[in-house]
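# Overview (structure and organization)
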Amino acid sequence: MQPPTSLLDEAYAVLEANDQNGYTMPAAELYPHQWLWDSCFITIGLRHKDIKRAEQEILNLLRGQWLNGMLPNIIFSDDPRYNRDRDLWRSQVSPLSPTKYSTTGITQPPMLAEAIFRVGEMLDQDDRQDWFLKVYPALLKYHQWLYKERDPHDEGLILLIHPWEVGMDNTPPWMAELNNHQLSWWIRAIKKTHGNKLIDLFRRDTRRVPLKERFDTIEALALFDIERRLRRKNYDIERILDHSLFAIEDVAFNAILIRNNNHLLRIAKIIKHQVPDDLRISMNKTVASFEQLWDEDDNDYYSRDFITHRLLKQPSAGSLIALYSGSIPPERAKHLVRKLKSKHQYASLFPIPTVPLNSAWFNPDNYWQGPTWVNINWLIIDGLKRYGYDAEAAALRRSTLKMVTNQGCYEYFNPIDGRGLGTINFSWTAALAIDLMLNPSLSTTSIVK
Ligand code: GLC
């Protein structure tokens, strides 16, 4: 298929407009800093235009790495306009945070190895070696950190401590937990007295995007409240887990990790590095333990509570990302594809809704509770191809590009009528549309079939 030149030009223009001299902000004003998984997706698009710039996107991301190996979900811009954002997190309270940059104290889905690998695909053999050698130490340290700090019981599944770490900020399973167990007394009081109506007036995000397309204010307050609690413990995971009631082994995050572990292993092999045994063992454990997230009754994967192992049974597109892991058994992949094709669940006109159509949570305009996101589609397209569902992958690729061509590079889209939602000129929508148009490995053959 010949890419529609206008969309390609438009997408490149979005990335250029959001370029901050070396890193790409997700969108002007609403997201002015460098975000972790955003930059990984952005790199995957940028590599088609300017490989050096794509490399720089990753190198800039690595500036934010903490001494323990953590990669934060945000590296803050040093523009004085954003003093408040930096001050909220105050990463300097941890001796492990970088001295030169302000960051958050939490992470985001580990897409880094994928981005590094995809850059490598575009380089000749010598340059690829150099590229991998340059970034591998930081990549390895990041994956080691994930297991060391976020898998304290050595179960193979990584736990998350804040919904922002999932990247799907208000996804139903997390919000249900939040509402049922986590609201502080003062937030409950605001909820009871409808004080949120007043607070709505002060929200920065809703000055740019209508409230109905964003977080509920009570939920937003709760997220800031959890952030405050993490900061008070200086982002020290032992202190956090000591009293935390909120630790979840997230299905999408762990599926992404499995695939990225594989990329890491491939990179290590190319540069002839011996991956430490304990890391290899943990990686294998993740693949096995991931299957404990499967629910036989619902034929679906779910996130689960870290302590009780209770499955959080609010369905969401997070579980479809299991396809991207590449490690799930083909029969289970088949169940997921059946859901994708069901008119009651994910087969809307502009798929994939982030929450199935027949869920009580479904809301076609609200953020991660219904709208279609291009990054989720990209992951699922890749996963479908891995399991040999080439026709389904091609159809999803087509509908995704059609949606973006019709509306422009919006942050997310209404899955029923395809209307663009959230902010316009959103970087990962642009970058991944570019990749869907130009990806040379689009017709990769199945590894499983
Ligand atoms: C929103 C999204 C998150 C993304 C960030 C920057 O918070 O939920 O996934 O990384 O915006 O685009």
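### What about the overall build of the protein chain?
On a plain count of helices and strands, the protein chain comes out with 18 helices and 10 strands. Here the C-alpha radius of gyration of the protein chain, 20 Å, is about what a compact globule of 449 residues would show, namely 22 Å. Summarising its shape, the C-alpha atoms of the protein chain cover approximately 60 × 50 × 45 Å along the three principal directions. A fraction of 70% describes how many contacts in the protein chain between residues 6 or more apart in sequence connect residues 24 or more apart. When the accessible surface of the protein chain is totalled, it reaches about 18,200 Å², and 52% of it is carbon and sulfur.

### Considerations on unusual backbone geometry
Omega for the bond connecting P351 with I352 falls within 30 degrees of zero, at 5 degrees, which places this linkage in the cis form. Residue placement: I352 occurs in the loop between α15 (330–341) and α16 (374–386). Phi at N299 is positive, roughly 50 degrees, even though this residue is not glycine. Of note, N299 is situated in the loop between β5 (294–295) and β6 (300–301). Positioned with a positive phi, H309 is a non-glycine residue whose angle comes to about 65 degrees.

### Digging into the sheet that holds strand β3 (residues 159–160)
Read across the open sheet, the four strands follow the order β3-β4-β7-β8; overall the sheet is antiparallel. With one partner strand each, in any of the chains shown, β3 and β8 (311–312) form the two edges of the open sheet. The pairing of β3 with strand β4 (residues 248–249) spans two bridges and is antiparallel. Within β4, the residue paired with L159 across the bridge is E249.

### Some words on helix α12 (residues 251–270)
If you check α12, its first and last C-alpha atoms are 29 Å apart, about what 20 residues at 1.5 Å a residue would give, namely 28 Å. For α12, a buried count of 15 out of 20 residues is recorded, marking the element as mostly surrounded by other parts of the structure. Two or three places before A252, at the opening of α12, D250 has a side-chain oxygen 3.1 Å from that residue's backbone nitrogen. Note on α12: the residue one or two positions beyond its end, K272, has a positive phi of about 60 degrees.

### Structural notes on helix α13 (residues 277–290)
With 14 residues, α13 extends 20 Å from end C-alpha to end C-alpha; this agrees with the ideal 20 Å at 1.5 Å per step. What α13 keeps buried is the set L279, S282, M283, T286, S289 and F290. Taken down its axis, α13 places every buried residue within 135 degrees of arc, on the same side. Facing away from the buried side of α13 by more than 90 degrees, the exposed set consists of D277, I281, N284 and A288. The secondary structure elements touched by the buried residues of α13 are α6 (125–150), α12, β5, β6 and α14 (322–325).

### Regarding the state of the cysteines
On inspection of all chains with the given rule, the structure shows zero disulfides. Here C40 stays unpaired: no disulfide links it, and the sulfur of C409, its closest cysteine neighbor, is 19 Å away. You can call C40 buried: its relative accessible area is 0%. The exposure class assigned to C409 is buried, which follows from its relative accessible area of 0%.

### What to know about the confidence of the model for the protein chain
Of the residues in the protein chain, 94% have a pLDDT of 70 or more, and the chain-wide mean is 93. Contacts for the low-pLDDT stretch residues 443–449, under 50 throughout, to residues beyond four places or in other chains number 11 contacts.

### Here we look at the pattern of salt bridges
All chains considered together, the criterion is met by 28 salt bridges. With a shortest N-O distance of 3.9 Å, E411 and R214 are connected by a salt bridge. One end of the pair, E411, is in the loop between α17 (390–407) and β9 (412–413); the other, R214, is in the loop between α9 (196–200) and α10 (217–232), and 197 residues separate them in sequence. The same class applies to E411 and to R214, which are both buried. A single network of salt bridges, built from pairs that share partners, joins E114, R118, R259 and D382.

### Some words on a negative patch on the surface
Together, D124, D126, D127 and D130 make up a negatively charged patch on the protein surface. Tracing the sequence through the fold places D130 in helix α6.

### Regarding the site of the ligand
Around the ligand, the structure places P26, Y31, W35, W37, D38, Q108, G167, D169, Y367, W368, F426 and W428. A distance of 2.9 Å separates an oxygen atom of the ligand from a polar atom in the side chain of Q108. The protein chains hide 96% of the 300 Å² of surface that the ligand would expose on its own. Taken together, the residues that form the shell around the ligand break down as eight nonpolar, two polar and two charged.

Cut-offs applied
Residues numbered from 1 in each chain as written. Predicted model: local features only at pLDDT ≥ 70, side-chain atom pairs only at ≥ 80, totals over all residues. Heavy atoms only, no water. Helix = DSSP H or I, 4+ residues; strand = E, 2+ residues; numbered from the N terminus. Rg over C-alpha atoms; globule rule 2.2 N^0.38 Å. Contact = heavy atoms within 4.5 Å. Areas by Shrake-Rupley, 256 points an atom, 1.4 Å probe, with all protein chains shown as cover. Pairing = 2+ DSSP bridges. Expected span 1.5 Å × (residues − 1). Buried < 20%, exposed > 50% of the residue type's maximum accessible area, 1.4 Å probe, protein only. Polar contact = N/O pair within 3.5 Å; in protein donor to acceptor, adjacent residues only side chain to side chain. Arc of directions from axis to C-beta. Disulfide = S-S within 2.5 Å. pLDDT = per-residue confidence, 0-100. Salt bridge = Lys/Arg side-chain N within 4 Å of Asp/Glu carboxyl O. Patch = residues over 30% accessible without salt bridge, like charges linked within 9 Å, V, L, I, M, F, W, Y side chains within 5 Å. Lys, Arg positive; Asp, Glu negative; His and termini not counted. Charge placed at Lys NZ, Arg CZ, Asp CG, Glu CD. Near = heavy atom within 4 Å. Nonpolar A, V, L, I, M, F, W, Y, C, P; charged D, E, K, R; others polar.

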